[in-house]
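Next come the chains, spelled out residue by residue.
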2 protein chains.
Amino acid sequence: MKMYAMTVLQARQNEKGNGGINMLALKHLRLIEAIHDSGSITRAASRLYLTQSALSHQLVALETYYGVSLFERGRPLRLTAAGEILLALSHDIMPRIEAAKRELSRLVEDKQSGRLRIAVECHTCYDWLMPAMDAYRTNWPEVEMDLVGGFHTDPIALLADDKADLVIVSERGKHKGVVFNPLFRYEMLALMASAHPLAAKSYLTARDFAADVLITYPAPDRLLDVVRRVLKPAGINPERRFAELTIAIVQLVASRKGLAALPAWAIPTYLERGYVVARPITKRGLWSGLYAAAREADAGRAFHKDFVSTLREQAFMSLPTIEPLA
Amino acid sequence: MKMYAMTVLQARQNEKGNGGINMLALKHLRLIEAIHDSGSITRAASRLYLTQSALSHQLVALETYYGVSLFERGRPLRLTAAGEILLALSHDIMPRIEAAKRELSRLVEDKQSGRLRIAVECHTCYDWLMPAMDAYRTNWPEVEMDLVGGFHTDPIALLADDKADLVIVSERGKHKGVVFNPLFRYEMLALMASAHPLAAKSYLTARDFAADVLITYPAPDRLLDVVRRVLKPAGINPERRFAELTIAIVQLVASRKGLAALPAWAIPTYLERGYVVARPITKRGLWSGLYAAAREADAGRAFHKDFVSTLREQAFMSLPTIEPLA
DNA sequence: CATCTTCATGAATATAATTCATGGAATTCA
DNA sequence: TGAATTCCATGAATTATATTCATGAAGATG
């Protein structure tokens, strides 16, 4: 980088006016956190909903201004000592800023109506939903949270019927008065016993499912991505078996009762023991997304938005394999 | 304000993209501090080197976004509860940010060369210079500070001769390789005994000095603003008397030995006792400025810039009558 | 070595911040 | 009370800044 040849004095003298005092902005701290967390500018960019180029420019500008590099270039990008200083600053002040913003929102909004009845379409979601709810509760103790149990053929209808305030679904529909907020996207992996012949392949195709039993949650095909988006289009309809719990599905697979398709983030725990292996479905992989749906009127409120932010944050923190979703 | 008629929901829904997360910026915290300190947008603007309009726009944008007013309109502008939250946040995080920036600078710069030999042109300056040096020392303990004593006909020459690294002067000259940083401007007031006949006037003119003794520091006329900018142009050359210390000058004035002209900020202490009174000089008042001069090569360095910032900050904190200086 | 991914960079574009010009409200002073 | 002054808000014009687009080079991968 040419920058390294530039002396501190040169960098400093390029300052115009008093722009200097505003050189370090909060967006830069977020930038540094995102790059550090994700290890790459490209991934940080998608998480911040900006282009790689934008972030590269931001980073170069900051580094040039202070005349020091903040990341060692390489993969993954690693913080320099200077970068560590700013990351520490970020960890120090960001929570305070978020807390102040919450205080402001609480001051402005009607405190009585804070209520979040949450409905979940996917079984596996509870894994990360619970920690997220716990994290949220500490920031918004006065918000009354509830889980809407049972199974629902049309979960979005729960919003209109005022049975739920927030629904987690796997598709962004077009319903009047309902807002969909993207949470994250994740890969569905095919699960099979380690000794299964298909384990030799680097990825599975629709055809590979034809000869074996498919083990799924007891949900309508419409909600099972493998069936809806891979098997059905290919006209393949394998023998089926059902289990309520993820652990039960994994057990059946390990016992060579058949194949399953589970979110990549639900699997690592079971993979460790070595009885089952996971493989991508189709060459490009089978990716699904999750969205938080809410009534338009609610979606703008601070305690609602903050819940969605918390969901995202907690998910990205605990589920390493997921990706941002526009 | 129309804003008040806007509901929170409306305000929130006006958000575009994810601009929301960057809505609260550090400049807003600085804005709030400046308005709160100065009591008016106009004064805050001059302190931040922006126009009143810019700050008004900033404030309105912030208030509109959060759907709450941060200042009660009136004079002076007073913080609302919401504003207090952000001011508290600012007080909380700004010092941490500044500290991190210093750490960064220290990391980058050559630690050995941190040296500040300071020369002062004006006698009264020691009053605020000492506390400023103390404040600075806690942040930059490794910088070796020294005061260049004695009296100098050409203090700027001390820079070229490498006898001083920073000189505080009252005029922005044009010397090659020397950078002048404005510190603040202040009013010179005429000081007279309470019983003095001129005390009846609301301001003094050059003519008023003709009949009395003028008591000054033992400095060349070139450095005495009353003489150089008021009396000399009017061809008035009053009898003179000299004293080294401010307190001595005030004593002489109180003892009816003559008039003096002192910076407004040096006077309040003495005014309280009631023996002397202060009056503006000329109808518009006689205003002077102070500048910190340094060699170009030094002026860009972090420990130098931070010293100048500290000078300004400390001055504005302890001298209520001073004004920003472009 | 070929391929794929990731960064950096300049130019073009889009967005945001600031100023300019102005009117109205509040405040001060005569 | 009226006149003068100071201050704030606001829309439009301008300027500055941030982001994207398009691309090449460097780095990883197999």
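Because the structure is predicted, anything quoted here is derived from the model rather than measured. (Residues numbered from 1 in each chain as written. Chains lettered and ligands numbered in written order. Predicted model: local features only at pLDDT ≥ 70, side-chain atom pairs only at ≥ 80, totals over all residues. Heavy atoms only, no water.)

**Description of the interface of chain A and chain B**
Move 1: Contacts between the two partners involve 41 residues from chain A and, on the opposite side, 41 residues from chain B.
Move 2: When chain A packs against chain B, the two sides together hide about 3500 Å² of surface, and 65% of this comes from carbon and sulfur.
Move 3: At the boundary of chain A with chain B, the tally comes to two salt bridges.
Move 4: When the shortest N-O distance is used, the salt bridge between Arg96(B) and Asp92(A) registers 3.1 Å.
Move 5: Joining chain A to chain B, the criterion identifies six residue pairs in polar contact (both at pLDDT 80 or more).
Move 6: In terms of residue count, helix H5 (residues 81-108) of chain A provides more of the side of chain A that touches chain B than any other element does, 16 residues in total.
Move 7: Its residues assigned to classes, the side of chain A that touches chain B comprises 23 nonpolar, six polar and 12 charged. (Contact = heavy atoms within 4.5 Å. Buried area = accessible area lost by both parts, 1.4 Å probe. Salt bridge = Lys/Arg side-chain N within 4 Å of Asp/Glu carboxyl O. Polar contact = N/O pair within 3.5 Å; in protein donor to acceptor, adjacent residues only side chain to side chain. Helix = DSSP H or I, 4+ residues; strand = E, 2+ residues; numbered from the N terminus. Nonpolar A, V, L, I, M, F, W, Y, C, P; charged D, E, K, R; others polar.)

**Remarks on helix H2 (residues 26-38) of chain A**
Move 1: Over its 13 residues, H2(A) extends 18 Å from the first C-alpha to the last, a length consistent with the 18 Å expected when each residue adds 1.5 Å.
Move 2: Within H2(A), 10 of the 13 residues are buried, which leaves the element mostly enclosed by the surrounding structure.
Move 3: Listing the buried residues of H2(A) in full gives Leu26(A), His28(A), Leu29(A), Arg30(A), Leu31(A), Ile32(A), Glu33(A), Ala34(A), Ile35(A) and Ser38(A).
Move 4: The elements touched by buried residues of H2(A) are helix H3 (41-48), helix H4 (52-66), strand S1 (71-72), strand S2 (78-79) and H5 of chain A together with helix H2 (26-38) of chain B. (Expected span 1.5 Å × (residues − 1). Buried < 20%, exposed > 50% of the residue type's maximum accessible area, 1.4 Å probe, protein only.)

**So, helix H6 (residues 126-139) of chain A**
Residue and element names in this part refer to chain A.
Move 1: With 14 residues, H6 extends 20 Å between its outermost C-alpha atoms, agreeing within 8% with the 20 Å of an ideal straight helix rising 1.5 Å per residue.
Move 2: Regarding H6, the residues found buried are Trp 128, Leu 129, Ala 132, Met 133 and Tyr 136. End-on, the buried residues of H6 take up no more than an arc of 135°, which puts them together on one face.
Move 3: Contacts made by the buried residues of H6 are with strand S3 (115-120), strand S4 (144-148), strand S5 (166-169), strand S6 (178-193), strand S11 (286-295) and helix H12 (302-318). (Arc of directions from axis to C-beta.)

**Quick notes on the relation of the copies chain A and chain B**
Move 1: When chain A is fitted to chain B, the best match, at an RMSD of 0.1 Å, comes from turning it 180° and sliding it 0.0 Å along the axis. Such a combination of turn and shift is consistent with a two-fold rotation axis. Residue Ile93(A), judged by its C-alpha, is the member of chain A lying nearest the rotation axis, at 3.0 Å.
Move 2: Take the interface residues of chain A: 100% of them recur as interface residues in chain B, which is what a same-surface contact looks like. (Least-squares fit on C-alpha atoms with pLDDT ≥ 70 in both.)

**Quick word on the protein's contact with DNA strand D**
Move 1: As a matter of local geometry, DNA strand D sits amid 19 residues, with Thr51(A), Ser53(A), Gln58(A), Thr42(B) and Arg73(B) nearest to it.
Move 2: Between DNA strand D and Gln52(B), the relevant distance is 3.0 Å, taken from a base nitrogen to a side-chain nitrogen or oxygen of the residue.
Move 3: At 2.9 Å, a side-chain N or O of Arg75(B) approaches a base oxygen of DNA strand D.
Move 4: Among the secondary structure elements, those contributing two or more residues to the surface near DNA strand D are H4 of chain A together with helix H3 (41-47) and helix H4 (52-66) of chain B.
Move 5: Classifying every residue of the surface near DNA strand D by side-chain character gives four nonpolar, 10 polar and five charged. (Near = heavy atom within 4 Å.)

**Let's talk about the protein's contact with DNA strand C**
Move 1: Close contacts around DNA strand C come from 19 residues, with Thr42(A), Arg73(A), Thr51(B), Ser53(B) and Gln58(B) the closest.
Move 2: Ser53(A) is positioned such that a nitrogen or oxygen atom in its side chain is 2.9 Å from a base oxygen of DNA strand C.
Move 3: A distance of 3.0 Å separates a base oxygen of DNA strand C from a polar atom in the side chain of His57(A).
Move 4: The set of elements that each furnish at least two residues to the surface near DNA strand C consists of H3 and H4 of chain A together with H4 of chain B.
Move 5: Grouping the amino acids of the surface near DNA strand C by side-chain chemistry returns four nonpolar, 10 polar and five charged.

**Points about the pattern of salt bridges**
A pair can form between side chains of opposite charge whenever their charged atoms are brought close.
All names here are of chain A.
Move 1: Under the criterion given, the structure shown has 36 salt bridges over all chains.
Move 2: A salt bridge links Asp 162 to Arg 117, with the shortest nitrogen-to-oxygen separation between them at 2.7 Å. Of this pair, Asp 162 sits in the loop between helix H7 (157-160) and S5 while Arg 117 is found in strand S3, placing the two residues 45 residues apart along the sequence.

**Some details on the nonpolar core**
Considering soluble globular proteins, one finds that nonpolar side chains tend to be buried as a cluster.
Move 1: Formed by 63 residues in total, the largest nonpolar core has its most connected members in Leu70(A), Leu86(A), Leu70(B) and Leu86(B).
Move 2: Secondary-structure elements contributing two or more residues to this core are H2, H3, H4 and H5 of chain A together with H2, H3, H4 and helix H5 (81-108) of chain B.
Move 3: Those residues in contact with Leu70(B) that lie beyond four places of it in its chain are Ile32(B), Leu59(B), Leu62(B), Glu63(B), Arg78(B), Leu79(B), Thr80(B), Ala82(B), Gly83(B) and Leu86(B). (Core = buried A, V, L, I, M, F, W, Y, C linked by side-chain atoms within 4.5 Å.)

**What about the domain arrangement of chain A?**
Move 1: The domain architecture assigned to chain A consists of domain 1 (2-104), domain 2 (111-184 + 288-318) and domain 3 (186-284).
Move 2: Between the C-alpha centres of domain 1 of chain A and domain 3 of chain A the distance comes to 42 Å. (Domains from an automatic or database assignment.)

**Observations concerning the environment of Ala315(B)**
Residue and element names in this part refer to chain B.
Move 1: Relative to the helices and strands, Ala 315 is located in helix H12 (residues 302-318).
Move 2: Given a relative accessible area of 0%, Ala 315 falls into the buried group.
Move 3: With 25 residues separating them along the chain, Ala 315 and Leu 290 place their C-alpha atoms 11 Å apart.
Move 4: Discounting residues that sit within four places of it in the chain, Ala 315 has contacts with Phe 184 and Ile 322.

**Some words on the pairing of strand S3 (residues 115-120) of chain B**
Successive side chains on a regular strand alternate, one facing one side of the sheet and the next facing the other.
All names here are of chain B.
Move 1: Counting buried residues in S3 gives five out of six residues, a clear majority hidden from the surface.
Move 2: Each parallel crossover has a hand, and for S3 linked through helix H6 (residues 126-139) to strand S4 (residues 144-148) it is right-handed.
Move 3: Here three bridges tie S3 to strand S5 (residues 166-169), and the two strands are oriented parallel to one another. Paired with Val 120 across the two strands is Ile 168, which belongs to S5. (Right-handed = clockwise from strand over helix to strand, strands pointing away. Pairing = 2+ DSSP bridges.)

**Points about the confidence of the model for chain A**
Move 1: Chain-level statistics for chain A give a pLDDT mean of 85 and a share of 93% at 70 or above.
Move 2: In the model, residues 1-19 of chain A has pLDDT below 50 throughout and makes 33 contacts with residues more than four positions away in sequence or in other chains. (pLDDT = per-residue confidence, 0-100.)

**Notes on the side chain of His304(B)**
All names here are of chain B.
Move 1: Note that His 304 resides in helix H12.
Move 2: Overall, the relative accessible area of 2% leaves His 304 in the buried class.
Move 3: In this structure, His 304 is in contact with Leu 116, Asp 165, Leu 166, Ala 294, Asp 298 and Ala 299, ignoring residues within four places of it in sequence.

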